[in-house]
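What follows is each chain in one-letter form.
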Amino acid sequence: FEVEGSVFSSKELVHVMDKKPMPKCIGVTGLDSICKLVKNEAEHVGLQIFVQVKDHKNVSVFTALDDDEDRLYLYNCTADTPGVTMGRFISYENAVIELRSLYIPNDGTDYLLKLLASISNESKVISSDNGVTQKVEAKSGIALNSMVEIKPRVNLQPFRTFVEVDQPESEFLLRISDHGEIGLFPADGGVWKLEATRNIARYFEEKLHDLIESGDVVVIR
């Protein structure tokens with residue numbers, strides 16, 4: 001309608017856009033699966049693919065923006081890692097089990113297993129702590145006591161990221177309670193997470209080398 005030189009409408013017009021078919025994001029648990037999917041489908045996507053290493057346990061794969069400024073989210077990958085006990089005290093038996101099953105053997109695990117072998121879970125444990133080193137007195141026989149000096153820090157490699165990459169080694173503060181319980185407390189400020197993300201990114205750079213060189217795939221972290 002035209003009223004005094006101005007044009008008005010009785011209805012608001014809305015531009016109806018055709019809904020594009022969007023593929024469903026696929027969830028996988030292994031880095032190798034991500035590489036296989038990207039290699040098989042990269043040429044069919046028609047857009048540059050980004051492989052984002054979000055952190056030590058999560059990877060996301062998505063495309064560049066298309067002409068409509070839409071992005072396709074293709075795959076998500078989450079590491080299935082065991083629950084390693086850290087930051088609290090656990091029993092002698094559980095400590096031995098975890099060291100043998102949830103850690104990669106190294107000098108640190110060898111030292112801890114030997115230390116635990118010298119402490120009986122049935123004996124009374126008395127600790128002497130001067131703030132720098134700690135000494136633990138444990139019964140090694142019916143009437144024999146022995147003093148064992150323990151290291152305040154140990155380097156360990158627990159399973160904390162994807163199994164396809166190297167598990168970062170980090171430093172832990174070792175404590176033993178008066179009841180013979182073992183405590184491992186992270187002491188590297190989370191630096192191992194940065195190393196883990198670098199290892200994951202390096203894995204993709206090696207496995208997807210040809211696609212990265214051609215510009216079809218970009219690895220970011």
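See the structure shown above.
For the structure given in this document, a descriptive report is provided here. Fair warning: this is a prediction, and the values are worked out from it, not measured in the lab.

Re helix H4 (residues 191–207)
Stage number 1. The end-to-end C-alpha separation of H4 is 25 Å, in line with the 24 Å expected for 17 residues at 1.5 Å each.
Stage number 2. Among all positions of H4, only Trp192, Ala196, Thr197, Asn199, Ile200, Ala201, Tyr203 and Phe204 are buried.
Stage number 3. For H4, the elements touching its buried residues are helix H1 (31–45), strand S4 (49–53), strand S5 (58–63), strand S12 (170–176), helix H5 (209–213) and strand S14 (217–220).

Things to note about the packing of H1 against H4
Stage number 1. Here H1 crosses H4 at 35°, and the two axes come no closer than 11 Å. The chirality of how H1 crosses H4 is right-handed. Contacts from Leu31, Asp32, Ile34, Cys35 and Lys39 of H1 reach H4 at Ile200, Tyr203, Phe204 and Lys207.
Stage number 2. When the residues that make up the contact of H1 with H4 are grouped by side-chain class, the tally is six nonpolar, no polar and three charged.

Topic: the packing of helix H2 (residues 92–101) against helix H3 (residues 107–117)
When two helices pack together, their arrangement is captured by the angle between the axes and the distance separating the axes.
Stage number 1. Here H2 crosses H3 at 155°, and the two axes come no closer than 10 Å. By the criterion of interaxial angle, the relationship of H2 to H3 is roughly antiparallel. For the crossing formed where H2 meets H3, the hand is left-handed. On H3, the residues touching Tyr92, Ala95, Val96, Leu99 and Arg100 of H2 are Thr109, Leu112, Leu113, Leu116 and Ala117.
Stage number 2. Residue composition of the contact of H2 with H3, grouped by class: eight nonpolar, one polar and one charged.

Cut-off values and rules
- Residues numbered from 1 in each chain as written.
- Predicted model: local features only at pLDDT ≥ 70, side-chain atom pairs only at ≥ 80, totals over all residues.
- Heavy atoms only, no water.
- Helix = DSSP H or I, 4+ residues; strand = E, 2+ residues; numbered from the N terminus.
- Expected span 1.5 Å × (residues − 1).
- Buried < 20%, exposed > 50% of the residue type's maximum accessible area, 1.4 Å probe, protein only.
- Contact = heavy atoms within 4.5 Å.
- Axes fitted to C-alpha atoms, helices over the stretch in contact; angles between N-to-C directions.
- Left-handed = near helix turned anticlockwise from the far one by under 90°.
- Nonpolar A, V, L, I, M, F, W, Y, C, P; charged D, E, K, R; others polar.
- Parallel < 35°, antiparallel > 145°, perpendicular 65-115°, else oblique.

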